[in-house]
Amino acid sequence: MILVLSILGLLNCYCQNSFKKVSFEILYEENDPLPGTNIMVKNSIPIIETQSDFNGKAELNLNDLNVNVELSYGPRFKFKLIENVDFIKVYLKKKKVTYYSKNKILKKGKLKGY
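Residues numbered from 1 in each chain as written. Predicted model: local features only at pLDDT ≥ 70, side-chain atom pairs only at ≥ 80, totals over all residues. Heavy atoms only, no water.

Q: Describe the sheet that holds strand β11 (residues 112–113), and please don't skip the residues or the numbers.
A: Here five strands make up an open sheet; going across it, the order is β4-β3-β6-β7-β11 and the pairing antiparallel. The sheet terminates laterally at β4 (49–51) and β11, the two strands that pair on one side only. Inspection of the sheet shows strand β3 (residues 38–41) paired to β4 by three bridges, in the antiparallel sense. Following the sheet pairing, M40 is matched in β4 by E49. (Pairing = 2+ DSSP bridges. Helix = DSSP H or I, 4+ residues; strand = E, 2+ residues; numbered from the N terminus.)

Set out below in structure tokens:
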């Protein structure tokens, strides 16, 4: 009985995915949140997506941060996530994206439109 419980415990640990929460703030320009922006992980199966709320904020739970993200609110933009990121701030008018980890800037980049 103890052996069976031990095996089940190991299987449970092995099968659990470790998801990481990534928060987004989508702004048209400074202090101008953009609600309803669709945020989607490109080529994900099943589809992983969400929309920004009234304050331009959204969250995704991801098990892989090595993905491309598409933003759409009419025009479409894309950018690549980076490791160790937990918050992303996007300025659509300036086409800029800033990556944060634990409230510190990791990297700044540009959005690519298409």
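Q: Go over unusual backbone geometry, please, and point to the residues and values.
A: Backbone torsion omega between I45 and P46 reads 0 degrees, so that peptide bond is classified as cis. If you trace the backbone, P46 turns up in the loop between β3 and β4. Backbone geometry places N43, a non-glycine residue, at a positive phi of 60 degrees. Looking at the secondary structure, you find N43 in the loop between β3 and β4. One non-glycine residue, K95, lies in the positive phi region at around 55 degrees. Locating K95 in the fold gives a position in the loop between β8 (87–91) and β9 (96–101). For K95, a relative accessible area of 40% translates into the label partly exposed. (Buried < 20%, exposed > 50% of the residue type's maximum accessible area, 1.4 Å probe, protein only.)

Q: Pulling in residues and values, what's your account of the packing of aromatic side chains?
A: Overall, the coordinates contain two aromatic pairs when judged by the stated rule. Judged by centre distance (6.3 Å) and plane angle (70 degrees), the rings of F79 and Y99 are edge-to-face. Of the two residues, F79 is situated in strand β7 (residues 76–80) and Y99 in strand β9; the sequence distance between them amounts to 20 residues. Across this residue pair, the class does not change: F79 and Y99 are buried. (Phe/Tyr/Trp six-rings, centres within 6.5 Å; stacked < 30°, edge-to-face > 60°.)

Q: I'd like to hear about the pattern of salt bridges, residue by residue, with values.
A: Under the definition given, this model contains five salt bridges. For K21, the salt bridge identified is with E59, shortest N-O distance 3.6 Å. Pair noted here: K21 is in strand β1 (residues 20–29) and E59 is in strand β5 (residues 57–62), with a separation of 38 residues, a long-range link. For E59, a relative accessible area of 44% gives the class partly exposed. A salt bridge links R76 to E70, with the nearest nitrogen and oxygen atoms 3.9 Å apart. Since its relative accessible area comes to 42%, R76 is described here as partly exposed. Through salt bridges that share partners, K42, E70 and R76 make up one connected network. (Salt bridge = Lys/Arg side-chain N within 4 Å of Asp/Glu carboxyl O.)

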